[in-house]
Amino acid sequence: MSYALSCIRLPNVIQIPNTSTSRSSFHGGDRRSSNLSLILKNDSIPTRKSPFDSESSSIAVTSSEKVLVPGGKTDDSSSSRDSVETSEALLEESQILQEVAGLSMEDGEDSLNEDDLVSSQLVRNGAVESAEASVSLYTAESNTLNVVGFIPPPGTGQKIYDIDPFLKTHREHLDYRYSQYKKMREMIDKYEGGLDAFSRGYEKLGFNRSAEGITYREWAPGAKSAALIGDFNNWNPNADVMAQNEFGVWELFLPNNADGSAPIPHGSRVKIRMDTPSGIKDSIPAWIKFSVQAPGEIPYNGIHYDPPEEEKYVFQHPKPKKPESLRIYEAHVGMSSTEPRINSYANFRDEVLPRIKKLGYNAVQLMAIQEHSYYASFGYHVTNFFAPSSRCGTPDDLKSLVDKAHELGLVVLMDIVHSHASNNVLDGLNMFDGTDSHYFHSGSRGYHWMWDSRLFNYGSWEVLRYLLSNARWWLDEYKFDGFRFDGVTSMMYTHHGLQVGFTGNYNEYFGLATDVDAVVYLMLVNDLVHGLFPEAITVGEDVSGMPTFCIPVKDGGVGFDYRLHMAVADKWIEILQKRDEDWQMGDIIYTLTNRRWSEKCVCYAESHDQALVGDKTIAFWLMDKDMYDFMALDRPATPVVDRGIALHKMIRLITMGLGGEGYLNFMGNEFGHPEWIDFPRGEQHLPDGRVFAGNNNSFDKCRRRFDLADVDYLRYHGLQEFDRAMQHLEETYSFMTSKHQYISRKDEGDRVITFERGNLVFVFNFHWSNSYSDYRIGCLKPGKYVVALDSDDKEYGGFDRIDHKVEYFSNEGWFDNRPNSFLVYAPCRTAVVYALIED
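These numbers come from a predicted model, not from an experiment.

J.: Can you help me understand the packing of helix α8 (residues 461-477) against helix α10 (residues 516-532) in this one?
T.: When two helices pack together, their arrangement is given by the angle between their axes and by how far apart the axes lie. Running from N to C, α8 and α10 cross one another at 30°; their axes reach a closest spacing of 10 Å. Classified by the interaxial angle, the pair formed by α8 and α10 is roughly parallel. Helix-helix and strand crossings are classified by hand; for α8 and α10 the assignment is right-handed. Contact with α8, carried on its side by Leu464, Leu467, Leu468, Ala471, Arg472 and Leu475, involves Tyr521, Leu524, Val525, Leu528, Val529 and Leu532 of α10 and no other residues of that element.

J.: Honestly, the sheet that holds strand β24 (residues 662-666) in this entry has me stumped. Any pointers?
T.: Where strands meet in a sheet, backbone hydrogen bonds hold them as pairs that are either parallel or antiparallel. Taken in spatial order, the eight strands close into a barrel running β12-β13-β16-β20-β21-β22-β23-β24, and their pairing is parallel. If you compare each strand with its neighbour and ignore which way they point, the axes differ by 30° on average. Judged from the five bridges that link them, strand β12 (residues 326-332) and strand β13 (residues 363-367) form a sheet pairing that is parallel. Bridge pairing links Ala331 to Leu366 in β13.

J.: What exactly am I supposed to notice about the pattern of salt bridges here?
T.: It is possible for side chains of opposite charge to pair when their charged atoms get near one another. Enumeration over the complete set of coordinates arrives at 50 salt bridges. The closest approach of N and O atoms between Asp700 and Arg703, which form a salt bridge, is 3.2 Å. Accessibility expressed as a relative area gives 30% for Asp700, which makes it partly exposed. We classify Arg703 as buried; its relative accessible area is 11%. Via salt bridges that share partners, Asp196, Arg200, Glu203, Arg472 and Asp476 belong to a single interconnected network.

J.: I would appreciate a short explanation of a nonpolar patch on the surface in the present structure.
T.: A contiguous nonpolar patch, built from Val613, Tyr628 and Trp676 and spanning about 280 Å² of accessible area, is present on the exposed surface. Within the secondary structure, Tyr628 sits in the loop between α14 (618-623) and α15 (639-658). Take Tyr628: its relative accessible area is 47%, and that puts it in the partly exposed class.

J.: Would you mind going over the packing of aromatic side chains with me for this structure?
T.: Centre-to-centre distance and the angle between the planes together describe a pair of aromatic rings. Overall, the coordinates contain 50 aromatic pairs when judged by the stated rule. Seen from their ring centres, Phe198 and Trp461 are 5.1 Å apart, and the 45° between their planes marks the pair as tilted. Of this pair, Phe198 sits in helix α5 (residues 195-198) while Trp461 sits in helix α8, and the two are 263 residues apart along the sequence. There is no split in this pair, since Phe198 and Trp461 are both buried. Ring centres 6.1 Å apart and planes at 10° place the aromatic pair Phe764 and Phe766 in the stacked group. As far as burial versus exposure is concerned, Phe764 and Phe766 are alike and both buried.

J.: Whenever I open this one, the side chain of His381 confuses me. Can you help?
T.: Examined against the element boundaries, His381 turns out to sit in the loop between β14 (370-371) and β15 (384-388). When its relative accessible area of 2% is taken as the criterion, His381 is described as buried. At 2.9 Å, the side chain of His381 forms a polar contact with the backbone oxygen of Trp451.

J.: How do you make sense of empty space enclosed by the protein when you look at a structure like this?
T.: To locate leftover empty space, one rolls a probe as large as a water molecule over the atoms. Inspection of every chain in the model, using the stated rule, returns five cavities of 30 Å³ or more. Put simply, the second largest cavity is a space of about 90 Å³.

J.: Could you clarify how one ought to interpret the packing of helix α11 (residues 567-576) against α15 in this entry?
T.: Contact geometry for α11 and α15: axes closest at 12 Å, N-to-C directions at 150°. Between α11 and α15, the angle falls in the class roughly antiparallel. Crossing of α11 against α15: the hand is right-handed. Of α15, the residues touching α11 (which contributes Val568, Trp572 and Leu576) are Ile651, Ile654 and Thr655.

J.: Would you take a moment to explain α15 for this structure?
T.: Residues three or four positions apart in an α-helix share a direction because the helix packs 3.6 residues into each turn. Under the 1.5 Å per step criterion, the end-to-end length of α15 is 28 Å for 20 residues, consistent within 8% with the ideal 28 Å. Counted residue by residue, α15 has 17 buried out of 20 residues, so it is predominantly covered.

J.: For this particular structure, what's the right way to read unusual backbone geometry?
T.: Keep in mind that most residues, glycine aside, have a negative phi and that most peptide bonds are trans. The phi dihedral of Ser734 is positive, around 50°, even though this residue is not glycine. Judged by relative accessible area, Ser734 falls into the partly exposed class, the value being 34%. Of note in the backbone geometry, Asn817 takes a positive phi value of approximately 65° without being a glycine. Within the secondary structure layout, Asn817 lies in the loop between β33 (811-815) and β34 (818-826).

About the thresholds
Residues numbered from 1 in each chain as written. Predicted model: local features only at pLDDT ≥ 70, side-chain atom pairs only at ≥ 80, totals over all residues. Heavy atoms only, no water. Axes fitted to C-alpha atoms, helices over the stretch in contact; angles between N-to-C directions. Helix = DSSP H or I, 4+ residues; strand = E, 2+ residues; numbered from the N terminus. Parallel < 35°, antiparallel > 145°, perpendicular 65-115°, else oblique. Left-handed = near helix turned anticlockwise from the far one by under 90°. Contact = heavy atoms within 4.5 Å. Pairing = 2+ DSSP bridges. Salt bridge = Lys/Arg side-chain N within 4 Å of Asp/Glu carboxyl O. Buried < 20%, exposed > 50% of the residue type's maximum accessible area, 1.4 Å probe, protein only. Patch = residues over 30% accessible without salt bridge, like charges linked within 9 Å, V, L, I, M, F, W, Y side chains within 5 Å. Areas by Shrake-Rupley, 256 points an atom, 1.4 Å probe, with all protein chains shown as cover. Phe/Tyr/Trp six-rings, centres within 6.5 Å; stacked < 30°, edge-to-face > 60°. Polar contact = N/O pair within 3.5 Å; in protein donor to acceptor, adjacent residues only side chain to side chain. 1 Å grid on protein atoms, 1.4 Å probe; cavity = no way out; pocket = protein on both sides within 12 Å on 5 of 7 lines; lining within 4 Å. Points joined across faces, edges and corners; volume = space filled by probe spheres on them. Expected span 1.5 Å × (residues − 1).

Geometry only, nothing functional implied.
This is the structure:
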C-alpha cells in the first residue's frame, strides 16, 4: 500500500432498505429466543463463563462434559467418561497446557516490572482485563491437537541482544514488549485453551451448521436489540429475534426444517438488524463467508454460503514446499484480463497461472481477495474480512485457483489487510453495533486521515480473536501458503509512518510512538501462522525498517520471514528523475544493500504502487509517450526507446542481484506495460464541495495487455524474455540466498558496478556512451567463467555485442581487493553475468 496517496472512495452513507412492505412471517415462532439461555449453568466453573455457551442441546457445554483447564487437569463432574480422556492427543495437550501455564511472565533476569515503566503511554488498553471475562470456547472433544503443526510456548526473547548488541540500549522497551506478548500468550492459554483454539473463532461466531440446525452468533455489545433477517424469513425482523448474553454476544439457534433441510438455504441473502445507539441499521454479519452486490444496487448483501457436499470443491494437490529463494509475481485477479472487464478466478487459473509458471516465478501473491465494496480501493478498504471478492467468482472458484497453483508448484500468498478497515458503515465493520469503538479505537486514534479508513484496537480481546481467526481461516479453508501483511508500518506506530523520515536511529523504533498492542498482535499472528503451518510464509510491508522485524518471536523479534524492501523502488523513482550524468553508483549500491544483517528482505524495482494512475512505472519514466509509437521491430527505435529498454533490464537485474533474499514483480511490469492502472470510477462529489473527476466507469485501463508481450514483433517481448531469464538464472544458481556477497567495484568515473553473489560475477556498465574493452574485474575463485546472462542479447532487445562462445579464464593476483581477476568486454548500458564453471 502506498504511504503517499489517499484512495478516492465513495462517501459512507447509512442506507436502510425498506422492509415495511407486506411479508409473511416464515417459520413463525419456531425460533424464539426463549428456547435459548445464554447463561452457562455449569457449577464446575464457578468464576467465569464463556461468551458463546448456551443451553441449546446442540451447543451447550453441560456439567457432564469435561473442560480442559490450565495445568492439564480435566474438570469432570460426571462419572461418564469415554476414550477421549485417555487418548494420546488429549494427554499431549494436557502436558502442553501444563507447561504453558507454568511459565512465569517474569522469567528471565531482564524482565520488566510494569511498575518500573517510565511512561503511561506504554500501558496496554485493557486486553488483559477483558480476557479475565472469557474462558475456553471448546470442550475436550473439540480441543484436541487436530492441526498440522504446534504452537510452541514463548521463549526467553533474549537472543535479539546477541544478534544486535546495540539493541541493549533499548532493552527496557524491548523487554516490556516481550513481557506483554508473554502475558497475552498466558491469558490466551488460560482462558481460551491456546492460540489454536482462540484462532478458530469462526467455529463459534457467525453461522455454524450442526446436525440439528444453524447457530448464528455475533459480538455486538453496543446493540440494544438484534434480529436475523433475510430471504429465509422474508426479511421479517420479528421472526428471528436474537438474545444477548452478558458478554455482548447475540445468539440465535435455527432448527432444521421438518424435512431435515437447512433452515437457511444455500445462497440466501442475510443481514442482522440491530437497534443501535446510532439508530436502526441492517448490517452484513461480521463473520460472513460470502458477500454479493446485486446488479444496479449500491449496498452488498451477506450470502449464506453452504453448498451441498457434492458441490464443494475438494483440494486435489498438496502444498508446495517453502522455496529457498522467494520469487513473487504480484497479481490482481480482477484486472488480469487482456479485455476491459473484471476477470474471473477461473480465467486467472487457466490463463494467467501457466504464464506465471513459464516466466519462472515460484510464488503468486494475490491482491484484493478480501471483499471490498469499492473496487478502486485495490482491495485495501476491506468490508468483509472472511469473504473472497465476489466480483471474480465464488469461494469454490478461488479454491480451485489455489489448487491449480499448487499443481503447478506455485506457492500462493494472500495480500491480507489487518492494518485498517473500510470506513463504509453500510457494508463493513465501521459502526457495526452503532458505536465507533466496537472493533476500532474511538475518536481520532481510530481514524486514518490519509487512507480514510478505520484503525483496529489491537488491545481488544475480541479484536484479537477476530483477526487471528481471520488469518487462520484463509490458511485452513483456502489453503493459502502465507501472507503479505499490508500496511504494517501504519500498525506499529501511532503516527502510522506518515510524514516521518526514518533515519535508522533506534529511538525512532522503540519509544512512545510505538503501538505496543499492534506489535504484540503481529507477534501473535506470526506465532499462529508459523506454528500451525510450518511451511507458511509471512512478508511484512514495513517502510520503517524496524530492527527485529524478521527475527523469530521466541528470540524477541516480531516474527516475519521477510520485510518488503520498499526503499528500493522509491530510490529508483528518485534516480530516474535525474540525468544519466548525475547517477551515483555508490548511491545505488547503498540503497540496495542498506538492510539489516540476518533479517531477510523481498526487494522490487516497482510494484503495483508505481503502476497506479497518478504515478509512473519505470518504463514510463524511461520512455513515456515513445512507447506508443516506437515499440514495433519493423521500424527504428528512438534513442529514448533504446535507452529505456537497456536501463529497464539493468535496473531489474541489479535490484534482484543485490536487493534482498526474495524478489517481487507486479504483473505486466516485467515487460514494461504501456498503460497505467485506472479503476472504473464515476465523478465523486464530497460533502466539503470537492469534486473528483471520473473516467466514465471505464475498464479500459484496468486490465493487463499480456498480448503485447507475447508477440515477437514488439519490443515488449524482449523485455518479458529477459525477465524470464532472470528468474531462471536464480533458479539455476540460487544467488539471492547465497551467503557469499561482495561488491568489488563502484566506479563513479566509468559508471561501472561489479559484485559477486554465489558463484556469479555481475558486471554493470551504466555509462551512456562508453564501452570498455579488456576491462579487468576481480573475482574470488579461480577458474573458467562463461556468460550466464547478457542484457545486450538480441533476444532481449539488445545489440548483440557480447560473444557468448568466449570463455574467460581468471588470472592470479589481487585486483579490486579480490585474489583473482579476468578481462571482459563491457558495452555501454549493459549488464552481463558470468558464471564459474567449477569442474
